[in-house]
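Examining the three-dimensional arrangement
What follows is each chain in one-letter form.
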Amino acid sequence: MSKFRVALSGDFKKPDGSPAFPDFDLSPLERDPAVEYRFIKANGVIQAADLEGFDALILLIPRIEPESFPKDGRLALIARFGVGYDTVNVQACTDHDCALVITPDGVRRPVAVSIITFMLALTGKLFGKDRITRRGPEGWARRSEHMGVGLVGRTFGSLGIGNIGAEAFRLARPFDMKFIAHDPYADPAVARDLGVRLVGLEELFAEADVLSVSCPLNEETRHIVNAERLALMKPTAYLINTSRGPVVDEAALTSALQQGQIAGAGLDVFEQEPSPVDNPLYRLDNVIVTPHALCWTDQCFAGIGAADVKAVFDVMHGRVPTGIVNREIVDRPAWREKLERFKATFGA
Ligand SMILES: NC(=O)c1ccc[n+]([C@@H]2O[C@H](COP(=O)([O-])OP(=O)(O)OC[C@H]3O[C@@H](n4cnc5c(N)ncnc54)[C@H](O)[C@@H]3O)[C@@H](O)[C@H]2O)c1
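Attention here is on the structure that accompanies the text.

Cut-offs and rules
Residues numbered from 1 in each chain as written. Predicted model: local features only at pLDDT ≥ 70, side-chain atom pairs only at ≥ 80, totals over all residues. Heavy atoms only, no water. Helix = DSSP H or I, 4+ residues; strand = E, 2+ residues; numbered from the N terminus. Buried < 20%, exposed > 50% of the residue type's maximum accessible area, 1.4 Å probe, protein only. Contact = heavy atoms within 4.5 Å. Areas by Shrake-Rupley, 256 points an atom, 1.4 Å probe, with all protein chains shown as cover. Lys, Arg positive; Asp, Glu negative; His and termini not counted. Charge placed at Lys NZ, Arg CZ, Asp CG, Glu CD. Salt bridge = Lys/Arg side-chain N within 4 Å of Asp/Glu carboxyl O. Pairing = 2+ DSSP bridges. Axes fitted to C-alpha atoms, helices over the stretch in contact; angles between N-to-C directions. Near = heavy atom within 4 Å. Polar contact = N/O pair within 3.5 Å; in protein donor to acceptor, adjacent residues only side chain to side chain. Nonpolar A, V, L, I, M, F, W, Y, C, P; charged D, E, K, R; others polar. Core = buried A, V, L, I, M, F, W, Y, C linked by side-chain atoms within 4.5 Å. Parallel < 35°, antiparallel > 145°, perpendicular 65-115°, else oblique. Left-handed = near helix turned anticlockwise from the far one by under 90°. 1 Å grid on protein atoms, 1.4 Å probe; cavity = no way out; pocket = protein on both sides within 12 Å on 5 of 7 lines; lining within 4 Å. Points joined across faces, edges and corners; volume = space filled by probe spheres on them. Phe/Tyr/Trp six-rings, centres within 6.5 Å; stacked < 30°, edge-to-face > 60°. Lys NZ or Arg CZ within 6 Å of the ring centre and 35° of its normal.

Looking now at the overall build of the chain. The number of helices and strands found in the chain is 13 helices and 12 strands. Referenced to the eigenvectors of the C-alpha coordinate spread, the extents of the chain come out at roughly 70 × 45 × 35 Å. Across the 348 residues of the chain, 50% fall into the buried class. Put simply, of all contacts in the chain between residues at least 6 apart along the chain, 62% involve residues at least 24 apart. Accessible surface, the chain: about 16,300 Å² in total, of which carbon and sulfur atoms supply 54%. Charge-centre separation for the chain: the mean point of 39 positive side chains lies 4 Å from the mean point of 46 negative side chains.

In this section: the pattern of salt bridges. Per the stated rule, a full pass over the model turns up 20 salt bridges. One salt bridge in this structure joins Asp97 and Arg332, with 2.7 Å as the shortest N-O distance. Pair noted here: Asp97 is in the loop between α3 (90–95) and β5 (99–101) and Arg332 is in the loop between α12 (298–316) and α13 (333–346), with a separation of 235 residues, a long-range link. As a salt-bridge pair, Glu167 and Arg170 come within 2.6 Å of each other at their nearest N and O atoms. Note that Glu167 and Arg170 are positioned in helix α7 (residues 163–172) at a spacing of three residues, about one turn of the helix.

Overall, parallel pairing links the five strands, which are arranged β2-β1-β3-β4-β5 in an open sheet. The sheet is open, and its two edges are formed by β2 (35–40) and β5, each paired on a single side. Strand-to-strand, the axes of this sheet are offset by a mean angle of 20°, without reference to chain direction. In this fold α12 packs onto β1 (4–9), β2, β3 (56–59), β4 (77–80) and β5, with an angle of close to 165° to the strand it touches most, β4.

This part is about the site of the ligand. Taken together, 24 residues form the shell around the ligand, and within it Asn163, Ile164, Asp183, Cys215 and Thr242 come nearest. Here an oxygen atom of the ligand and a backbone polar atom of Gly162 are 3.4 Å apart. Note that a nitrogen atom of the ligand is positioned 2.9 Å from one of the backbone N or O atoms of Thr242. Its free accessible area being 860 Å², the ligand has 84% of it covered by the protein chains. Of all the secondary-structure elements, those providing two or more residues to the shell around the ligand are α4 (104–123) and α7. Among the residues forming the shell around the ligand, the class breakdown is 11 nonpolar, nine polar and four charged.

The subject of this paragraph is the nonpolar core. Residues Phe4, Phe24, Ile58, Leu77, Met119, Phe156 and Ile161 are the most contacted members of the largest nonpolar core, which totals 64 residues. If near-sequence neighbours (up to four positions away) are discounted, Ile58 is found in contact with Val6, Ala7, Leu8, Ser9, Phe12, Phe24, Leu29, Ala79, Asp308 and Val312. Core analysis: the next-biggest nonpolar cluster, separate from the first, contains 29 residues, Leu159, Ile224, Met233 and Leu267 among them.

What follows deals with the packing of α4 against α12. At their nearest, the axes of α4 and α12 sit 7 Å apart, and the two run at 160° to each other. Taken together, the axes of α4 and α12 are roughly antiparallel relative to one another. As for how α4 packs across α12, the hand of that crossing is left-handed. Where α4 abuts α12, its residues Gly106, Val107 and Pro110 lie against Cys300, Gly303 and Ile304. Residues belonging to the contact of α4 with α12 are distributed by class as follows: four nonpolar, two polar and no charged.

Here the focus is the layout of surface pockets. Put simply, the second largest pocket is a space of about 270 Å³. Taken together, 17 residues form the lining of the second largest pocket, with Lys125, Gly128, Arg131, Asp285 and Asn286 sitting closest to its centre. Each residue belonging to the lining of the second largest pocket can be placed in one class, and the counts come to nine nonpolar, three polar and five charged.

Note on aromatic pairs: each is described by the distance of the centres and the angle between the planes. Applying the stated criterion across every chain, the model contains 15 aromatic pairs. Seen from the ring of Phe54, Arg5 lies directly overhead, with NZ or CZ sitting 4.3 Å from the centre. Just above the ring of Phe342 sits the side chain of Arg341; from NZ or CZ to the centre is 5.9 Å.

Here it is in structure tokens:
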């Protein structure tokens, strides 16, 4: 093993060969003479032949299934570009002694900023004011109909107080709001340090003036925001969803918004993505929508890329990377042996 060989899924390049995400800085890999990296063709499920002879993979969209793992057994790391990994068969990674890592450090701040952006735009009636301004004097004359909502003393609630939910509270500190959250798995010490009162699910819906959803999508949380719970919300309250579309029952939310049951919503994610052009939500003035990309900034992509590159270097030098999804890998002798071999070859 003379080089540490890194594969990047081919969708990191545009069809014309230019980088799809120029802010993803590959220069640390380029600069290290012990590293060799290649873009592999990537469509659908990555095949074992494509990963033959590689030690690590940085993965964008393609899927990973059992048939993705070569018999040479070299692959020790799959670093997903982002935090979603529904495209990766986690058990197959473990079975093939390969760590799967995601990049919570890369998305924490950018997605939390998205939540705050929605909160300020909704409560400040930003888009309504933008619309009337463009209508000239006739629109300006109607500005008192677009009174915003001040935040001091109002309640900011979060469903989920993990990586992103906690950061949203950190960013919201200067607004002097009350903080509440519901999270059955929350660390009470984290909540206490953030000044967040942990409450029951129903209380969260009933008390929040701005309710942000930051939990994962799983069988427990699918449609956790449903008609019944939306009915508990104040008619003046706003819902923000930057998590995953199916956490919210979109039909129920549409109806709640149409009927003025809640004041408005900021949505970055949808039950179906891309969401179709005739989605009734698009016709509502009290909704702000973004295409699962409000957090996409130069810094977000640079941060995600840097986290993946760091994971590559960690494994190459025999260190356990952060952000491992299949935690049990850490105790698997065969994976540990790979790390030891890398350390012996490339140094600690
Ligand atoms: N919009 C985007 O571009 C974007 C980008 C990154 C992540 N996300 C999404 O944001 C969400 C949060 O991500 P994260 O990195 O903070 O994840 P995380 O795992 O760090 O935090 C999720 C929190 O939700 C809690 N939770 C689990 N089940 C719950 C339940 N039934 N009710 C309430 N809380 C529950 C967990 O205990 C955890 O504290 C995820 O859905 C993720 O997919 C979206």
